[in-house]
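Breakdown of the fold
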Amino acid sequence: MIIYRNYRNKLRVNKLLDKQNAEIEGLLLNILPKQVADELQKTGNATPQYFERASVMFTDFKSFSKIADELTPHEVVSELNDCFIAFDAIIVKYKLEKIKTIGDSYMCAGGIPVLDEDHYINIIKAGMEIRDYMEIRNKERVELGSPPWDIRIGINTGPIVAGVVGRKKYAYDIWGGTVN
């Protein structure tokens, strides 16, 4: 009976550990591309990579500081969250990699970390879909008596370096003239 109880306890513990491991893996993949996460787990480092051709898209909202001053913090974050969740879905659809958000800015890239010959087409399609999403959202805002959030979208293609720097709060980032 004792052996059976110990066996059942080990099964329960292993199930719990497997579940926690899957949750940790999911969180890691939410922060880093799979290839980078795998390398970090195996070696403790992520080697920066040079990409001869990648596409980068950067968006922000025109006069955001003025808009933010007129709204409560909750309203600002709620509106940004709604927009960025929609942008996230769009970039996944076009096989792009979200790089980061900073305030009202959203950056993503195509052709990294997995090479994709259609990255420049996909990033243009994503940019057009983001533009269309904001047009619809702004019509709804105006109907409710709220000011529109005019978006600016910039796209560039060229060489970049991508990787992870530092040891705390890992973030996959990109650098180079194409980004700037």
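Just above sits the structure.
Now for a quick tour of the structure. Predicted model only: the values in this text are computed from it and were never measured.

Criteria and thresholds
Residues numbered from 1 in each chain as written. Predicted model: local features only at pLDDT ≥ 70, side-chain atom pairs only at ≥ 80, totals over all residues. Heavy atoms only, no water. Core = buried A, V, L, I, M, F, W, Y, C linked by side-chain atoms within 4.5 Å. Buried < 20%, exposed > 50% of the residue type's maximum accessible area, 1.4 Å probe, protein only. Helix = DSSP H or I, 4+ residues; strand = E, 2+ residues; numbered from the N terminus. Contact = heavy atoms within 4.5 Å. Axes fitted to C-alpha atoms, helices over the stretch in contact; angles between N-to-C directions. Parallel < 35°, antiparallel > 145°, perpendicular 65-115°, else oblique. Left-handed = near helix turned anticlockwise from the far one by under 90°. Nonpolar A, V, L, I, M, F, W, Y, C, P; charged D, E, K, R; others polar. Phe/Tyr/Trp six-rings, centres within 6.5 Å; stacked < 30°, edge-to-face > 60°. Patch = residues over 30% accessible without salt bridge, like charges linked within 9 Å, V, L, I, M, F, W, Y side chains within 5 Å. Areas by Shrake-Rupley, 256 points an atom, 1.4 Å probe, with all protein chains shown as cover. Salt bridge = Lys/Arg side-chain N within 4 Å of Asp/Glu carboxyl O.

Turning our attention to the nonpolar core. Residues F61 and F87 are the most contacted members of the largest nonpolar core, which totals 21 residues. Elements that contribute at least two residues to this core include exactly β1 (49–61), α3 (64–70), α4 (73–93), β3 (105–110) and α5 (119–143). Excluding residues that lie within four positions of it along the chain, F87 makes contacts with T59, F61, Y106, I130, Y133, M134 and I151. Grouped together as the second largest cluster of nonpolar side chains are 18 residues, A46, F51, I160 and Y172 included.

Quick look at the packing of α4 against α5 now. Closest axis-to-axis distance for the α4/α5 pair is 10 Å, and the angle between their directions is 150°. When the interaxial angle is binned, α4 and α5 end up roughly antiparallel. Viewed along their axes, α4 and α5 form a crossing whose handedness is right-handed. When α4 is examined against α5, the residues E79, D82, C83, A86, F87, I90 and K93 are found in contact with a partner set consisting of A126, E129, I130, Y133, M134, R137 and R141. The residue inventory of the contact of α4 with α5, partitioned by class, reads eight nonpolar, no polar and six charged.

This part covers the packing of aromatic side chains. By the definition in use, this model includes six aromatic pairs. Between F84 and Y106, the aromatic rings sit 5.4 Å apart at their centres with planes inclined by 50°, giving tilted as the arrangement. Separated by 22 residues along the polypeptide, F84 in helix α4 and Y106 in strand β3 bring together distant segments of the chain. With a centroid separation of 5.4 Å and 90° between ring planes, the pair formed by F87 and Y106 is classed as edge-to-face. Of this pair, F87 sits in helix α4 while Y106 sits in strand β3, placing them 19 residues apart in sequence. Across this residue pair, the class does not change: F87 and Y106 are buried. Taken together through their ring pairs, the aromatic side chains of F84, F87, Y106 and Y133 make up a single cluster.

This paragraph deals with unusual backbone geometry. The residue after I112, namely P113, is reached through a cis peptide bond having omega -15°. Looking at where P113 falls in the secondary structure, it is placed in the loop between β3 and α5. Phi at S63 is positive, roughly 60°, even though this residue is not glycine. Relative to the helices and strands, S63 is located in the loop between β1 and α3. Backbone geometry at K169 places phi at a positive 50°, although glycine is not the residue there. According to the relative accessible area criterion, K169 is exposed, its value standing at 82%.

It is worth spelling out a nonpolar patch on the surface at this point. Judged by side-chain polarity, M1, Y4, Y7 and L11 come together as a nonpolar surface patch covering roughly 520 Å² of accessible area. In this fold, Y4 is placed in helix α1 (residues 2–31).

Where α1 contacts helix α2 (residues 34–43), the axes come no closer than 8 Å and their chain directions differ by 125°. The orientation of α1 relative to α2 falls into the category oblique. When the axes of α1 and α2 are compared, the crossing they make is right-handed. The residues of α2 that touch α1, namely those facing E25, L28 and L29, are K34, A37, D38 and Q41. Residues of the contact of α1 with α2, tallied by class, amount to three nonpolar, one polar and three charged.

The full count for this structure, using the stated rule, is nine salt bridges. Of the charged contacts in the structure, one is a salt bridge between K93 and E129, with a shortest N-O distance of 3.0 Å. With a gap of 36 residues between them, K93 in helix α4 and E129 in helix α5 connect regions that are remote in the sequence. The salt bridge partner of D132 is R131, with a shortest N-O separation of 2.9 Å. One salt-bridge network, in which partners are shared between bridges, spans E79, D82, R137 and R141.

Worth remembering: the numbers are spatial, not functional.
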